[in-house]
Amino acid sequence: MSDEMTHFDGETAVDTGRAGKKDFGFAPIAFVLSLFAPLTYLTAMLATRTGYISYDLGFNTIALNYVPKMATVAMILSALSLLISLFKAPKTYGPWALCAVLVSGSVLAGYYAYELRLKSSPPIHEVATNWERPVTFSTKLIEARGPAAHVVEDAPYVGRNVAYEWAGQSLAAINAQTCPLASSVTGHTKDAEAVARILREQGYVVFGKSDWRVEATWEDPWWGNKSDIVVRLDPDKTDIRSVSREEAVDLGGNCQRVTALIARLKS
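The notes below deal with the structure included here. (Residues numbered from 1 in each chain as written. Predicted model: local features only at pLDDT ≥ 70, side-chain atom pairs only at ≥ 80, totals over all residues. Heavy atoms only, no water.)

**Quick word on the overall build of the protein**
Next up, step 1: Helix and strand counts for the protein stand at 10 helices and six strands.
Next up, step 2: The C-alpha atoms of the protein give a radius of gyration of 27 Å, which is well past the 18 Å a tight globule of 267 residues would have.
Next up, step 3: Across its three principal axes, the protein shows a C-alpha extent of roughly 100 × 40 × 35 Å.
Next up, step 4: A separation of at least 24 residues holds for 65% of the contacts in the protein among residues at least 6 apart in sequence.
Next up, step 5: In the protein, 26 side chains carry a positive charge and 28 a negative one; their mean positions are 3 Å apart. (Helix = DSSP H or I, 4+ residues; strand = E, 2+ residues; numbered from the N terminus. Rg over C-alpha atoms; globule rule 2.2 N^0.38 Å. Contact = heavy atoms within 4.5 Å. Lys, Arg positive; Asp, Glu negative; His and termini not counted. Charge placed at Lys NZ, Arg CZ, Asp CG, Glu CD.)

If you want it as structure tokens, here you go:
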């Protein structure tokens, strides 16, 4: 009778997964560790968004450097815990290990997609509709951008040590290739008040305006990085320039904002 009870208890332990609890119970720990990377990312984003830390520290250092490394370590541990759980205690620890793999894998997949997009985008941070006669920012806006922001130049170009495909090219040439719709709006132009109203409707904060120029700032809702836009109102045409303050590569953001504004000005 004693032997039968012992045999029954052993089977019950195997079926419920209790037999490997001490040896293979680190699957829940692997799941908790897998959460460190996305939580660190969210914390860095919130701290950057609120101005508690700089964009360079929050995005370039923490988000782009530390978080992928954390996710890689978590992925290795998660995969190991999944492998062990499938053989030893699939019902008890399998779901924990699978969730850990999914969380870590999703983080790494996001970074892989970002890297692909980064490689396919030109290393620029501004777009303009007229490089023959560049649109200029006011002195007040240049000061508001701060000393750490990208310098606003009349004829910017990509350095030869940045990217082989785009090395040495002017932004005028790159804009023509990658943002062909960014061109002057010819014909009757809207007045400054109408342009300011359109900018506000598109989420900009208007910095200043005169009869011939309207300046505004766009702020990213996630990281809080800013881009400044200026609209020059000539009698026969309207030109636009949008320049990021801190982004090294805008991933097409300035092009999207300029072309969206052009569409509204033409409507």
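Here the narrative resumes.
**Considering a nonpolar patch on the surface**
Next up, step 1: On the surface, Ile29, Val32, Leu33, Phe36, Val73 and Leu77 cluster together into a nonpolar patch covering about 490 Å² of accessible area.
Next up, step 2: Where the nonpolar patch is concerned, the elements lending two or more residues are α3 (27-34) and α5 (55-88).
Next up, step 3: For the nonpolar patch, the leading source of residues is α3, giving three residues.
Next up, step 4: As for its position among the elements, Leu33 is in helix α3. (Patch = residues over 30% accessible without salt bridge, like charges linked within 9 Å, V, L, I, M, F, W, Y side chains within 5 Å. Areas by Shrake-Rupley, 256 points an atom, 1.4 Å probe, with all protein chains shown as cover. Salt bridge = Lys/Arg side-chain N within 4 Å of Asp/Glu carboxyl O.)

**A few points about helix α6 (residues 90-120)**
Next up, step 1: With 31 residues, α6 ought to run about 45 Å at 1.5 Å a step, and its terminal C-alpha atoms sit 42 Å apart, in line with that.
Next up, step 2: Buried within α6 we find Tyr93, Gly94, Ala97, Ala100, Val101, Ser104, Val107 and Tyr111. (Expected span 1.5 Å × (residues − 1). Buried < 20%, exposed > 50% of the residue type's maximum accessible area, 1.4 Å probe, protein only.)

**Details of the packing of α5 against α6**
Next up, step 1: Interaxial distance between α5 and α6 falls to 7 Å at its minimum, and their mutual angle equals 150°. Taken together, the axes of α5 and α6 are roughly antiparallel relative to one another. Read as a crossing pair, α5 and α6 show a hand that is left-handed.
Next up, step 2: Across the contact of α5 with α6, the residue classes break down as 21 nonpolar, seven polar and one charged. (Axes fitted to C-alpha atoms, helices over the stretch in contact; angles between N-to-C directions. Parallel < 35°, antiparallel > 145°, perpendicular 65-115°, else oblique. Left-handed = near helix turned anticlockwise from the far one by under 90°. Nonpolar A, V, L, I, M, F, W, Y, C, P; charged D, E, K, R; others polar.)

**Considering the packing of aromatic side chains**
Next up, step 1: All told, the structure shown has six aromatic pairs when counted by the stated rule.
Next up, step 2: Their ring planes at 90° and their centres at 5.4 Å tell us that Tyr41 and Trp223 sit as a pair that is edge-to-face. Taken together, the residues Tyr41 in helix α4 (residues 36-49) and Trp223 in the loop between β4 (213-219) and β5 (226-233) connect sequence positions 182 residues apart.
Next up, step 3: The class of Tyr41 is partly exposed, set by a relative accessible area of 26%.
Next up, step 4: Both rings, one in Tyr55 and one in Phe59, keep their centres 5.3 Å apart while their planes meet at 15°; by these two values the pair is stacked. With Tyr55 and Phe59 both in helix α5 and four residues apart, this pair spans about one turn of that helix.
Next up, step 5: Tyr55 sits in the buried class, given a relative accessible area of 8%. (Phe/Tyr/Trp six-rings, centres within 6.5 Å; stacked < 30°, edge-to-face > 60°.)

**Considerations on the nonpolar core**
Nonpolar side chains in soluble globular proteins generally cluster together in the buried interior.
Next up, step 1: If you look at the biggest cluster of nonpolar residues, it comprises 22 residues, and the most contacted ones within it are Val195, Leu199, Val214, Ile229, Ile240, Leu261 and Leu265.
Next up, step 2: Sorting the residues of this core by element identifies α9 (192-201), β4, β5 and α10 (253-266) as the ones contributing at least two each.
Next up, step 3: Discounting residues that sit within four places of it in the chain, Leu261 has contacts with Ile198, Leu199, Gln202, Ile229, Val231 and Ile240.
Next up, step 4: Formed by 14 residues, the second largest nonpolar core is a distinct cluster that contains Met45, Ala47, Ile62 and Trp223. (Core = buried A, V, L, I, M, F, W, Y, C linked by side-chain atoms within 4.5 Å.)

**Quick notes on the pairing of strand β6 (residues 237-244)**
Next up, step 1: With seven of its eight residues buried, β6 lies for the most part within the structure.
Next up, step 2: Where strand β1 (residues 126-128) and β6 come together, three bridges link them in antiparallel fashion. Residue pairing across strands places Glu126 opposite Val243, the latter belonging to β6.
Next up, step 3: Judged from the two bridges that link them, strand β2 (residues 185-186) and β6 form a sheet pairing that is antiparallel. Within β6, the position partnered with Thr186 by the bridge is Lys237.
Next up, step 4: With seven bridges joining them, β5 and β6 adopt antiparallel strand pairing. Note on β6: the bridge partner recorded for Val231 is Ile240.
Next up, step 5: What sits between the antiparallel neighbours β5 and β6 is a turn of three residues. (Pairing = 2+ DSSP bridges.)

**Examining the pattern of salt bridges**
Next up, step 1: Evaluation of the coordinates by the stated rule reveals nine salt bridges.
Next up, step 2: Ionic pairing is found between Asp234 and Arg133, a salt bridge with its closest N-O pair at 2.7 Å. Placement of Asp234 in the loop between β5 and β6 and of Arg133 in the loop between β1 and α7 (139-145) is noted, with a sequence separation of 101 residues between them.
Next up, step 3: On the basis of relative accessibility, which here comes to 14%, the residue Asp234 falls in the buried class.
Next up, step 4: By relative accessible area, which is 43% here, Arg133 ends up partly exposed.
Next up, step 5: Put simply, Arg133, Arg232, Asp234 and Asp239 are held in one network by salt bridges that share partners.

Worth remembering: the numbers are spatial, not functional.
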